[in-house]
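Here is what each chain is made of, one letter per residue.
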Amino acid sequence: MRRLVSPLDGFRSPFGGRFGFSPASLFAAGGLGALYDPSDFSTMWQDAAGTTPATAATDPAGLILDKRLGLQIGAELVTNNTFGADTDWTKGTGWSIGSGVATKVAGTASLLSQAEALTAGVTYRLVYTITRSAGSITPQITGGSTVSGTARSNSGTYVDILTAVSGNTTLAFSAGAGFAGTVDDVYLKRVSGNDAWQLTPGARPLLQQDAGGRWYLAVDGIDDILSSVTQTQIAGPWEFWAGVDITTGGGIQTSLFSLSPPTGVSTSAETEGLFQRSDGAIRRAIGASRISAETGYNANLDDAFTVGSRFVARVRAETGPDQVSVTTPAGTATIAAAYTGTPSGGVARYNIGAGAGSAVWRFYGGLAIDRLLTAGEATQLDNGFKGKRGL
């Protein structure tokens, strides 16, 4: 049974319904960014393939959808995706289906394929597992111009993001002549936005509820991280917002909610967003950073708070000095940073957490957008995050 909406839910509270404001409306004219809301169970699954909903305390979060475009994950497109029968798939030379897997022997390059109802211009997330003893295999959507994913030459579970073009009608796994191994657990779903996921079960944050009834993702500070597909860094003005509790401190300058390299460390090139950093033995900080390949971490982009404080954090990258604002039970503090450079347009991904070495903390929701908000928009969004954080 789905839970009832609480008036403390922030984004889904009377502040949204009564005043007609939704954070997704900030993207009505398009634009880059991401919007994640752990209190909206329709956007979360326990696994990266999106097959088992996350709806209760202690459920792992293997996938959280980006809500900025207002669309949900699509229906599963693959038939017989666990290879329970020798049906539905077209087997090229060397392929066979049995014992719950599709198996290929080395010798001839060939395809394992299935017809799908694909739409040109639509993006799909493909999740699959391979075991490999030799050679490589590449996922593709074919018919018209072939769209290829990443060639894989190691055993594991993988995600590929594929955008269909005109004429695409088929999902295929293109195995080289030398490939020997199996394919299993194939999932293909339509997606929109910068959905974030985690393939490794033990590295998934847990859905939890605090004493005030507010839902959040618990990040363990050991290996938990949710990441989107890689993409070009936002250029020009931007804002990042997040509702956060830091329970214990972690490594220096690691990601809370950011557009950053996979390691989620703010000293890396091509980094934007909200971070924590070490400030001695008992203090930790919320920080923001906008880093080019030539510029190191700027310590002026910090505001320190004791471990255990709860707050709403906002960072603005402007044409002048960047600004960091943090709202706590004591009020709102804003600082200006000395750094005014611009990103160099490298490749990064949206990260919730930083994996190894991060803080133990709670993520109550986050928004990133490629423009500066108006005063009215900022007030409405701030009220929403305060509701989510009980401020």
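Up top you'll find the structure we're talking about.
Because the structure is predicted, anything quoted here is derived from the model rather than measured. (Residues numbered from 1 in each chain as written. Predicted model: local features only at pLDDT ≥ 70, side-chain atom pairs only at ≥ 80, totals over all residues. Heavy atoms only, no water.)

(A) Seen up close, the overall build of the chain. A count of helical and extended segments in the chain gives two helices and 28 strands. A total of 391 residues make up the chain; the buried ones form 53% of that total. Carbon and sulfur atoms form 54% of the exposed surface of the chain, whose accessible area is close to 14,600 Å². (Helix = DSSP H or I, 4+ residues; strand = E, 2+ residues; numbered from the N terminus. Buried < 20%, exposed > 50% of the residue type's maximum accessible area, 1.4 Å probe, protein only. Areas by Shrake-Rupley, 256 points an atom, 1.4 Å probe, with all protein chains shown as cover.)

(B) Structural detail: the pairing of strand β12 (residues 170-175). Along β12, five of the six residues are buried, which leaves the element largely enclosed by surrounding structure. In this sheet, β12 lies alongside strand β7 (residues 110-115) in antiparallel orientation, the contact comprising six bridges. Bridged to Ser113 within β12 is Ala172. As paired elements, strand β9 (residues 137-142) and β12 share six bridges and run antiparallel to each other. By the bridge assignment for β12, Thr142 is matched with Thr170. (Pairing = 2+ DSSP bridges.)

(C) Focus on the sheet that holds strand β5 (residues 95-98). Spatial strand order, β5-β6-β13-β8-β11: five strands in an open sheet with antiparallel pairing. Both outer strands of the open sheet, β5 and β11 (156-163), are each paired with one neighbouring strand and no more. In this sheet, neighbouring strand axes are inclined to one another by 30° on average, regardless of whether the strands run parallel or antiparallel. Where β5 and strand β6 (residues 101-104) come together, four bridges link them in antiparallel fashion. Bridge pairing links Ile97 to Ala102 in β6. (Axes fitted to C-alpha atoms, helices over the stretch in contact; angles between N-to-C directions.)

(D) How the structure looks around the nonpolar core. Counting 34 residues, the largest nonpolar core has Tyr36, Phe240, Phe257, Tyr350 and Trp361 as its most contacted members. When residues of this core are traced back to their parent elements, those giving at least two are β1 (33-36), β16 (215-219), β19 (238-248), β20 (254-260), β24 (310-317), β27 (347-353) and β28 (360-369). For this core, the leading source of residues is β19, giving five residues. The contacts of Phe240, once residues within four sequence positions are left out, are Phe257, Ser258, Leu259, Glu272, Gly273, Leu274, Ala313, Arg314, Val315, Tyr350, Leu367 and Ala368. If you look at the next biggest cluster of nonpolar residues, it comprises 26 residues, including Ala102, Leu126, Ile130 and Leu188. (Core = buried A, V, L, I, M, F, W, Y, C linked by side-chain atoms within 4.5 Å. Contact = heavy atoms within 4.5 Å.)

(E) Fine view of the layout of surface pockets. Approximately 300 Å³ is the volume found for the largest pocket. Taken together, 18 residues form the lining of the largest pocket, with Val159, Trp197, Ser228, Val229 and Arg349 sitting closest to its centre. Here the lining of the largest pocket gets five residues from one element, more than from any other, and that element is β11. The space that makes up the second largest pocket amounts to roughly 230 Å³. (1 Å grid on protein atoms, 1.4 Å probe; cavity = no way out; pocket = protein on both sides within 12 Å on 5 of 7 lines; lining within 4 Å. Points joined across faces, edges and corners; volume = space filled by probe spheres on them.)

(F) The arrangement of helix α2 (residues 375-389) in detail. Compared with the 21 Å implied by 1.5 Å per residue over 15 residues, the 21 Å span of α2 between its first and last C-alpha is a close match. All of the buried residues in α2 are Glu377, Ala378, Leu381, Asp382, Gly384, Phe385, Lys388 and Arg389. When α2 is viewed along its axis, its buried side chains cluster within an angular range of 160° and face the same direction. Of the residues one or two after α2, Gly390 is the one with positive phi, at around 70°. (Expected span 1.5 Å × (residues − 1). Arc of directions from axis to C-beta.)

(G) Fine view of the packing of aromatic side chains. Across all of its chains, the model carries 13 aromatic pairs by this definition. Ring geometry for Tyr216 versus Tyr364: centroids 5.1 Å apart, planes at 35°, classification tilted. Within this pair, whereas Tyr216 is found in strand β16, its partner Tyr364 is found in strand β28, the two being separated by 148 residues in sequence. By relative accessible area, Tyr216 is classed as buried at 7%. Judged by its relative accessible area of 1%, Tyr364 falls in the buried class. Seen from their ring centres, Trp241 and Phe385 are 6.1 Å apart, and the 10° between their planes marks the pair as stacked. Of the two residues, Trp241 sits in strand β19 while Phe385 sits in helix α2, which places them 144 residues apart along the sequence. (Phe/Tyr/Trp six-rings, centres within 6.5 Å; stacked < 30°, edge-to-face > 60°.)

(H) Broad picture of the environment of Gly390. Mapped onto the elements, Gly390 comes out in the segment after α2. Between the alpha carbons of Gly390 and Gly213 there is a distance of 9.6 Å; along the sequence they are 177 residues apart.

(I) Expanded view of unusual backbone geometry. The backbone of Phe83 sits at a positive phi, close to 55°, despite the residue not being glycine. Tracing the sequence through the fold places Phe83 in the loop between β3 (63-64) and β4 (90-91).

(J) Spotlight on the pattern of salt bridges. Overall, the coordinates contain twelve salt bridges when judged by the stated rule. The salt bridge involving Lys388 is made with Asp37; its shortest N-O contact spans 2.7 Å. Taken together, the residues span a long stretch of sequence, with Lys388 in helix α2 and Asp37 in the loop between β1 and β2 (44-45) at a distance of 351 residues. Considered together, Lys388 and Asp37 belong to a single accessibility category, that of buried residues. (Salt bridge = Lys/Arg side-chain N within 4 Å of Asp/Glu carboxyl O.)

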